[in-house]
Every structure is written in C-alpha cells, then in structure tokens.
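Listed here are the chains, written in short residue letters.
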Amino acid sequence: MNRRSFIKGAIALSACSTLMPWLSACSVSAKTLFASAFTDKANRHYVGWFDEQGHLHGRVEISERAHDLAYIKSQNRIIAFARRPGIKLHVIDVASKLVVKEIDAQPQHHFFGHGVLNADESLLFTTENYFDEHMTERDGLITVRETKGFSIVRQFSSHGVGPHQLALLSDNQTLVIANGGIHTHPAKSREKLNLDTMQPNLSYINTLNGELVAKHKLRDKHLSIRHLCVANDDTVYFGCQYQGAVYQVNPLIYGHRIGEQIHPMKANDSEWMRFKQYIASLSVNDQNELAVTSPRGGVVSIWDRSSRKLKSLLTLDDTAGVASSKTIFIATTGRGNLVGVDKGLSAIRKEDEPTLIVFPDATNIGDTDEFFGLYNDALTQCNELQD
C-alpha cells in the first residue's frame, strides 16, 4: 500500500465522497486525473481535482456538501450532486475554476447524491425523491435532463424506494439502479422511517420508455443496496449497508448480470465482520479485480472477479471513495489522504515462505495509525499464509 498526502492543509474528505477517474465513477480508466468532493475544518465545501501523486490541480467552493461527481468531457465540466436530501446540482467549469450553473430540484423534490451521463453526454440521469407533508412512502424517481441548459426531458419511476447510485450498461439504454429501500423525508433529516417494512432491490430500466426490464431482491430485506459499479462485461457489482441486528453477519457485496442469478462475493464470517455491516464505494480495474471500501470498518478490500474470492483486506481508517488507475486503485480517507493500493502484498502472497518483508517507503507515512496499519496488514497476511 502506497500512501500519499492529498492536498496539504486543513481538508477532510466527506465520508460519503466518491473518488472519480477523470472523471467517471466505478469504471475502468487509464487516465490519471481524479476529482473528489471534500469539506475543510471550517465546514466549507469544495470539489477538487488532482493527479495520482496528490498534486491539486484546482478546486472550487460550492454551497452545500456534494456526494458524487460526473464529468462532461465535451464541455470540460464537472457536475457535483448534492448529498441527500440536497436540492442542488453544481456545474463546475474546470478551465475557469468557477461554478457556472446551479440547478435546483423541482419543488418538493430532492436529490439522492448520484447521477450518470449517457455515452454521448447529451443526457444526465439522476436519482430523486418526491415528498409531501404527509410523509407518504413512494417509489423514487429517475429524472432525465439534457446537458446544454439542464432542462428536464422526462421522468420515470426507479421501481423502488430510496434510489441511490445508478449506472448505464454498455448498450447505452439499460439503466441499473440501487434502490436502497429506505423511506426518508427532509423534515426528519436523515431518519430512516420504514426499517420494519423496507424492500430494497436492484432494478434494470429501459431509459427509452421507463419500463422495468428486471428487478432483483436479496433474501434479507435489511440489506440496503446503496452503491454499485459496472464492469466492461456488464457485470454489476453492488454493496449493501445492513439495517438489521448488529450481531448479524451477511455477505455485503454481490455481483449480477441480466439473465443470471445474484452471486455473493466469497469471504468468511470474520472477514465480513471487518466491514461492520457497511459498504461505500466500488470500482473495477483492468486486471479483473474489484475494490470496495468501508469507512465504518476502516478497510479497503480487493476481490478477484473470476473466483469472487477476497484477495486482500487492507486497513485504512475512514476510507471513503475508490477508483481505478491502470492496475492500481486510488482511495481517499476522511483525514485528507490519497492512497494508492498497489500490488505489494498481493505479489508477496504468490511467493513461497518469504522470510523478510521490507517497507522502505513507510517512513513517508505521517500518520501513526496508518503506519502501523500497513504493518498489521503484512502480519495478518503472514498469519493467514503461515509464512
């Protein structure tokens, strides 16, 4: 694990921020610029973009905390999505480093923090919620806007309560949506109002007419499906945040393709317990690997996509977003660090009985917990392999 300083000074990345390859979420990318939303110690909110070495190339202050980002390459603009129950989208011009437009949600609507562009970047799809004074539970909405003036083109049901992250499949027509199943209302802040009756699902929708293509549920209704990413072969990986008993142990990460069964990723109970029932960001790279973060558990996990088995589980306190860069993954932490998760320990795993593991770069790690976390990862692997 190679830990680099990200943005010197008093900056803390928001716990739910998403780290973006330049600049599309949960996708394979060989490009080297990234962006993330973050908040400083004075509670000012920003979107910043930086390279793999953690060098800040620009930042823009925005009026409310952002959750996810999207990049309109043809316009060289970033869209920052307000964190639930926010009501604004911020359009940022990268060249001028200015917020050039703010889009308000419709009356009695709020955003769920995520959006995705179609292939030619002409349309933006966002997950939203319509609410009333009676706190009526209803399915969420997918709102489609054109990306010139951001006027609404059409709107259709997400086919589930509490839609969160969404993505397009390779046909550029089928939208996959993580419907978390949790009913919320702005008047109750972030309170969860229906945990006894929640019904999360993974829905596939035809964006041309809003019709449901397929809907899938997990056996345990308390596995709230929140974040996802899509591999080049249209395998959808999604992560859950468990809303049931604190002692319950469940697989929290799953893979699915249309027409097939949902398959859990493979780990033992003690490994699943490390995630503390909470999955945040997911990303795939071009080496057939999946990376998943858990800020509550303080871990970054690497999975083999072919076997669905856990390859490594690395300690990283308050980890937030994750994205791929060639063969490595880049993660962020709430303490303001950019972290490169490389092949070091994974490479050692393949060798029979190494007698000495040396970390010459570890002296560059400024945080004591992260320093000892790296050594703990190595010792854990040695114990596992009996080296």
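Everything below is about the structure printed above this text.
Described in the following lines is the structure provided in the data block.

In this fold, Thr293 is placed in strand β24 (residues 289-294). Apart from the residues within four sequence positions on either side, Thr293 is in contact with Tyr278, Ile279, Ala280, Ser281, Val299, Val300, Thr319, Ala320, Gly321 and Val322.

This part covers the environment of Thr136. Note on placement: Thr136 falls in the loop between β12 (123-130) and β13 (141-146). Remark: the alpha-carbon pair of Thr136 and His185, spanning 49 residues in sequence, is separated by 8.9 Å. Polar contacts involving the side chain of Thr136 include one to the side chain of Asp132, which spans 3.0 Å.

Most of strand β15 (residues 163-168) sits out of view: 6 of its 6 residues are buried. Linking β15 back to strand β16 (residues 174-179) in an antiparallel pair, the connection comprises 5 residues, with Asn172 at a positive phi of about 60°.

This brings us to the packing of aromatic side chains. A complete count under the given rule lists 6 aromatic pairs for this structure. An aromatic cluster is present here, built from Trp272, Phe275 and Trp303 joined pairwise through their rings. The ring of Tyr46 is capped by Arg59, whose NZ or CZ atom sits 4.4 Å from the centre of that ring.

In this structure, Val176, Phe238, Ile253, Leu290 and Trp303 are the most contacted members of the largest nonpolar core, which totals 35 residues. Sequence-distant contacts of Phe238, defined by excluding residues within four places in its chain, comprise Leu202, Leu218, Ile225, His227, Leu228, Leu252, Ile253, Tyr254, His256, Ile262 and Leu282. Core analysis: the second largest hydrophobic core is formed by 13 residues, Ala37, Val47, Tyr71 and Ala80 among them.

The rules behind these values
- Residues numbered from 1 in each chain as written.
- Predicted model: local features only at pLDDT ≥ 70, side-chain atom pairs only at ≥ 80, totals over all residues.
- Heavy atoms only, no water.
- Helix = DSSP H or I, 4+ residues; strand = E, 2+ residues; numbered from the N terminus.
- Contact = heavy atoms within 4.5 Å.
- Polar contact = N/O pair within 3.5 Å; in protein donor to acceptor, adjacent residues only side chain to side chain.
- Buried < 20%, exposed > 50% of the residue type's maximum accessible area, 1.4 Å probe, protein only.
- Pairing = 2+ DSSP bridges.
- Phe/Tyr/Trp six-rings, centres within 6.5 Å; stacked < 30°, edge-to-face > 60°.
- Lys NZ or Arg CZ within 6 Å of the ring centre and 35° of its normal.
- Core = buried A, V, L, I, M, F, W, Y, C linked by side-chain atoms within 4.5 Å.

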